[in-house]
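Structural overview
The primary structure of each chain is shown beneath.
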Amino acid sequence: MNNRLNDADITRDLLRPLVETGRGFYVTVTLLVGLVLYAAAVWGYQLYRGLGVAGLNRPVHWGFYITTFVFYIGISHAGTLISAILRLCHAGWRHPVTRSAEAITVFALMVGAMHPLIDLGRAWKFYWVAPYPNERGLWPNFRSPLLWDFLAITTYLTGSILYLYIPMIPDLAIVRDKVTGWRKRLYGLLALGWQGTEQQWHRLEKAITLMAIIIIPVAVSVHTVVSFVFAMTIQPMWHSTIFGPLFVVGAIFSGIAALIVAMVVLRKVLHLEPYLQPRHFSNLGLLLLTMSLLWFYFTFAEYLTVWYGNLSEEMANFWYKLRGPFAPWFWGMVIMNCIIPVPLLAFRKTRTITGCFIASVSVLIGMWLERFVIVVGSLSRPRLEFAWGEYAPTWVEISLFVGSIAYFILLYVVFTKLFPIVSIWEFKEGWRGAERRALRQVPAVAQAE
Amino acid sequence: MADTIYALFHDPSSAERAVSRLLAAGVDSDSIAVRSSEPFLAWRLPAGGEKQKTRLPLYAVAGGVVGGLVGFSLAAFTFRTMNLTTGDMPLIAPGPTGIVTFELTALGAIFATLLSLIAEAGLGRRERVSDSDQIALAQAVAEGALLVCARCPDEITARATAQALEDAGATMVTIKGGSPQRLSHS
C-alpha cells in the first residue's frame, strides 16, 4: 500500500471527479449523447417501419439484438458476483475494485434488458412478459423460459442496484458533509441521515454480508436461466446440459474483462494510479486467466460431445461453425478468448496493466463472438435442411449495437461524475488494515534479521 | 441538566484510548457513541453488547420465506387458472414453479435486508442541522476524524469527562448542554 497517502489525500483524490469537471468530460458526454440520440432515432425508424428493417429472417429470428442482450447480461456478472465473492472471501485487494464492478453490473443489466424490447418489434407490448393477466384474463405461461428470464433479470437488477447503493451510503454522507447547495440536498437525501455511529457501521457490514450471500445464487441463476432460453429448446447445439455452467463461466469471464477495461480507463482518466495499482490488475489478470482456461475446457467438452455423438442434424451445425461460412467467427472466438489472452496473462512479465488491458479487450470481442456463434450460428442450421438460412445484420442493427455501447459508457461516465467510483470508506478500511499488518510484521522482520 | 461532550480525534487509537478511559471512569457504554467515516469495528471500539445485537439475518430469512410463498402462490395460481389438460403430468409444474419461487425468495430476502437495515440503523430520518458547531463536527468526520460523544448527567461530570478526553488526545472538545461551550481547539 502506498504509505504516502493519508486520510485527507484519500478523500480529496477520490472526490475530485465529483467536484472538478474538465473539458474532456463535456466532449465525451456530448459525443456519447449524440450516439445515443442517433440510436434512439434508428430505433424509432424500426418501430415505424417494423422489424423487417433488421436482418432477422426465418430461420434466424434472433440476431444482433439477442446476441448483444446475452453479451450484456454476461458482463453484468462483473460486479455484483465478483464483488460479492471477493467480499465473502475477505480478499484484501478488493477495496478499490468493488464499486466500479458493481456499477458495471447495474448499467450492463439496464442496457442489456433493453434488447429483448428492441427485438420484440412492437416494444409497447413488453408488459405481456410480466406476470400480469392479459385482456382475456389469461395469465402468462410460467413454463416459458422467457418469463423465467424476466423474473431472474428483474431480481438481479433490483438486488444489484441495492448492492451498489447500500455500501455507498457512508460515502454519500461524506459528500453531503463536504458540499453545499443543491448537491448537499441531493446527497443528504441519498445518505438517508447516515451518522457513522458504530451501531450503524455494524448493521451496514451485516447487511452487506447478507446481500452478498443472497446475490451470489441470484447471479448464478440469472445466467443459467438465460442459457435455458436456448437449452430448453430442441434446436441442434442448443439442447445441451452444459449450457448453464458454460454461460455462467462465460459471463464471469467477460465480466472480469469488462471490469479490467473499465479500471484501466478510470485509472488513466481520473488519475487513480495510487489506488488502482498494478497488483490489482495482476490479481484480476490471474482470475481472467483461470476463467479463460475454464471457458476453453467447457467449450471443448461441448463440441467434443457433439462430434463424438455424430448426430446428422448436429453435425451439420457443427461443421457449419468449424469449417463452413461461420468458421471465421468461430475461430475468431477461440483466438480472442484463448490464444491471445492466455499467453499474455500466464507470465508475470506480460501480466502488466497494458497486458491485462489487451487481453481484456480481446476477451470482450471474443465473448461477443461466442454469443453470436451460439445464437446465430445455431439458428442458421436447424434440424431440417430445407429450412437452412443465412443472416447478415443491417445498418439498423449495427447502429443500435453501437448506440447500446455508447449508452452503457454514458451511464458509467455520468455515474463516475456523481458518485465516488472507488469506495472511500472501504479503501480506507483496507489501507488501515494493510498498515496494521505492516506494523505487525516490523518486529518479526527485525527479529529475523 | 444533562450535557453532551463532543471530542474529535484524528487517529483511531486515541479514540479507542479515550473510550476506554470513559468506561473506566464509570460512564455507561450506552451513553457513549463514536462517529466515523469508516468502520473501526476491527479496533474493538466498545460498541457494547446491546449495540451489537441485530436481527438482520432473521428478517432476511423471514423476507425470503414470504417472497418464496408469494412466488409459489403466483405460479401455482397461474397453473390452476389456465385449466390445462395435462394428462398424467402434474398441473403445477415443479421446474417453472421452482424457478419463480427461487427468484421471489431472493427478492423477498433482499427487500427485507434493506428495510431492516433502515429500521435498525435508524436511517431515513430527516434531520436538519443548522448549528454551525454541529456542521463543523460533521465536516471533520467527513475528513476522516473520529467523533466521540458522551452524555453526562451534570456539568461537573461533563467537565471532568472533557478533561479526560483531552488527555486522551482529543484535538477538539465541545460541551453542549444548556449553554454550548468550546473548551479547546488545537
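Residues numbered from 1 in each chain as written. Chains lettered and ligands numbered in written order. Predicted model: local features only at pLDDT ≥ 70, side-chain atom pairs only at ≥ 80, totals over all residues. Heavy atoms only, no water.

Regarding the overall build of chain A
What chain A contains, in helices and strands, is 17 helices and zero strands. By the compact-globule yardstick of 22 Å for 449 residues, chain A fits well, its C-alpha radius of gyration being 23 Å. Looking at chain A as a whole, 58% of its 449 residues qualify as buried. In chain A, the share of contacts with a sequence separation of at least 24, taken over all contacts with a separation of at least 6, comes to 81%. Working note: accessible area of chain A is about 19000 Å², and carbon and sulfur atoms make up 68% of it. For chain A, the centre of its 37 positive side-chain charges and the centre of its 24 negative side-chain charges are spaced 3 Å apart. (Helix = DSSP H or I, 4+ residues; strand = E, 2+ residues; numbered from the N terminus. Rg over C-alpha atoms; globule rule 2.2 N^0.38 Å. Buried < 20%, exposed > 50% of the residue type's maximum accessible area, 1.4 Å probe, protein only. Contact = heavy atoms within 4.5 Å. Areas by Shrake-Rupley, 256 points an atom, 1.4 Å probe, with all protein chains shown as cover. Lys, Arg positive; Asp, Glu negative; His and termini not counted. Charge placed at Lys NZ, Arg CZ, Asp CG, Glu CD.)

Overview of the overall build of chain B
A tally of regular secondary structure across chain B gives six helices and five strands. Counted from the first residue to the last, chain B has its helices and strands arranged as β-α-β-α-α-α-α-β-α-β-β. A buried classification covers 46% of the 186 residues belonging to chain B. Of the contacts formed within chain B by residues at least 6 apart in sequence, a portion of 75% connects residues at least 24 apart.

Concerning the interface of chain B and chain A
Interface size, as often reported, equals the accessible area lost upon joining of the parts. Taken together, the contacts link 62 residues of chain B with 52 residues of chain A. Here chain B packs against chain A, burying approximately 5100 Å² in sum over the two surfaces, 68% of which is carbon and sulfur. At the surface where chain B touches chain A, the tally comes to two salt bridges. The closest approach of N and O atoms between Arg203(A) and Glu120(B), which form a salt bridge, is 2.8 Å. Linking chain B to chain A there are nine residue pairs in polar contact (both at pLDDT 80 or more). Secondary-structure elements contributing two or more residues to the side of chain B that touches chain A are strand S2 (32-35), helix H2 (49-52), helix H3 (56-81), helix H4 (94-120) and helix H5 (132-143) of chain B. With 15 residues, H4(B) is the single largest residue contributor to the side of chain B that touches chain A. Among the residues forming the side of chain B that touches chain A, the class breakdown is 39 nonpolar, twelve polar and eleven charged. (Buried area = accessible area lost by both parts, 1.4 Å probe. Salt bridge = Lys/Arg side-chain N within 4 Å of Asp/Glu carboxyl O. Polar contact = N/O pair within 3.5 Å; in protein donor to acceptor, adjacent residues only side chain to side chain. Nonpolar A, V, L, I, M, F, W, Y, C, P; charged D, E, K, R; others polar.)

Quick look at the pairing of strand S1 (residues 3-9) of chain B
All names here are of chain B. Among the seven residues in S1, seven count as buried, and that is most of the element. Burial along S1 is two-sided: Asp3, Ile5, Ala7 and Phe9 facing one way and Thr4, Tyr6 and Leu8 facing the other are all buried. Looking at chain direction, S1 and strand S3 (residues 146-152) are connected through seven bridges and run antiparallel. Bridging across to S3, Ala7 finds its partner in Val148. (Pairing = 2+ DSSP bridges.)

Side note on the packing of aromatic side chains
Residues and elements named next belong to chain A. For the coordinates displayed, the defined rule picks out 34 aromatic pairs over all chains. Here Phe318 and Trp319 contribute two aromatic rings whose centre-to-centre distance is 4.9 Å and whose plane-to-plane angle is 85 degrees, an arrangement assigned as edge-to-face. Ring centres 4.9 Å apart and planes at 90 degrees place the aromatic pair Phe330 and Trp331 in the edge-to-face group. Residue classification places Phe330 among the buried positions, given a relative accessible area of 5%. Within the aromatic cluster, the residues linked to one another by ring pairs are Phe64, Tyr320, Phe326, Trp329, Trp368, Phe372, Tyr391 and Phe401. Residue placement shows Lys417 over the ring face of Phe25; its charged tip is 5.6 Å from the ring centre. (Phe/Tyr/Trp six-rings, centres within 6.5 Å; stacked < 30°, edge-to-face > 60°. Lys NZ or Arg CZ within 6 Å of the ring centre and 35° of its normal.)

Regarding the environment of Gly122(B)
Residue placement: Gly122(B) occurs in the loop between H4 and H5. Each C-alpha atom of the pair Gly122(B) and Ala160(B) lies 31 Å from the other, and the pair is 38 residues apart in sequence. Setting aside its immediate chain neighbours within four residues, Gly122(B) contacts Gln200(A) and Leu117(B).

Quick look at the confidence of the model for chain B
Residue and element names in this part refer to chain B. With 80% of its residues at a pLDDT of at least 70, chain B reaches an overall mean of 79. Predicted confidence in chain B is weakest over strand S5 (residues 181-185), with a mean pLDDT of 32, and strongest over H4, with 94. Every residue in residues 178-186 scores below 50 in pLDDT, and together they form 21 contacts with partners more than four places removed in sequence or on other chains. Quick note on the complex model: pTM equals 0.89, ipTM equals 0.88. (pLDDT = per-residue confidence, 0-100.)

Some remarks on the pattern of salt bridges
All names here are of chain A. This model, assessed by the stated rule, comprises twelve salt bridges over all chains. For Glu102, the salt bridge identified is with Arg87, shortest N-O distance 3.0 Å. Residue Glu102 is found in helix H5 (residues 98-120), and its partner Arg87 is found in helix H4 (residues 80-88); the two are separated by 15 residues along the sequence. Residue Glu102 is classed as buried on the basis of its relative accessible area of 1%.

Overview of the side chain of Arg176(A)
Positionally, Arg176(A) belongs in helix H7 (residues 169-176). Not counting the four nearest positions on each side in its chain, Arg176(A) is found in contact with Lys184(A), Tyr187(A), Gly188(A), Ala191(A), Gly193(A) and Trp194(A).

Examining the nonpolar core
Soluble globular proteins tend to pack their nonpolar side chains together in the buried interior. Phe230(A) and Leu288(A) are the most contacted members of the largest nonpolar core, which totals 157 residues. Those residues in contact with Leu288(A) that lie beyond four places of it in its chain are Phe253(A), Ile256(A), Ala257(A), Ile260(A), Leu345(A), Ala359(A), Ser360(A) and Val363(A). Core analysis: the second largest hydrophobic core is formed by 22 residues, Ile5(B), Ala7(B), Val148(B) and Cys152(B) among them. (Core = buried A, V, L, I, M, F, W, Y, C linked by side-chain atoms within 4.5 Å.)

Concerning a nonpolar patch on the surface
Residues and elements named next belong to chain A. On the surface, a cluster of nonpolar side chains totalling about 680 Å² of accessible area is made up of Phe296, Phe300, Leu304, Trp307, Tyr308 and Trp319. Sort the elements by how many residues they give to the nonpolar patch and helix H11 (residues 278-309) lands first, with five residues. By the secondary structure assignment, Phe296 is in helix H11. The class of Phe296 is partly exposed, set by a relative accessible area of 41%. (Patch = residues over 30% accessible without salt bridge, like charges linked within 9 Å, V, L, I, M, F, W, Y side chains within 5 Å.)

Focus on the packing of helix H9 (residues 198-231) of chain A against helix H10 (residues 243-269) of chain A
All names here are of chain A. Two elements in contact, H9 and H10, have axes separated by 8 Å at closest approach and are oriented at 130 degrees. Judged on the interaxial angle alone, H10 and H9 are oblique. Crossing hand, H9 versus H10: right-handed. Between H9 and H10, the contacting residues are Val220, His223, Thr224, Val226, Ser227, Phe230 and Ala231 on the first element and Phe243, Gly244, Phe247, Val248 and Ala251 on the second. (Axes fitted to C-alpha atoms, helices over the stretch in contact; angles between N-to-C directions. Parallel < 35°, antiparallel > 145°, perpendicular 65-115°, else oblique. Left-handed = near helix turned anticlockwise from the far one by under 90°.)

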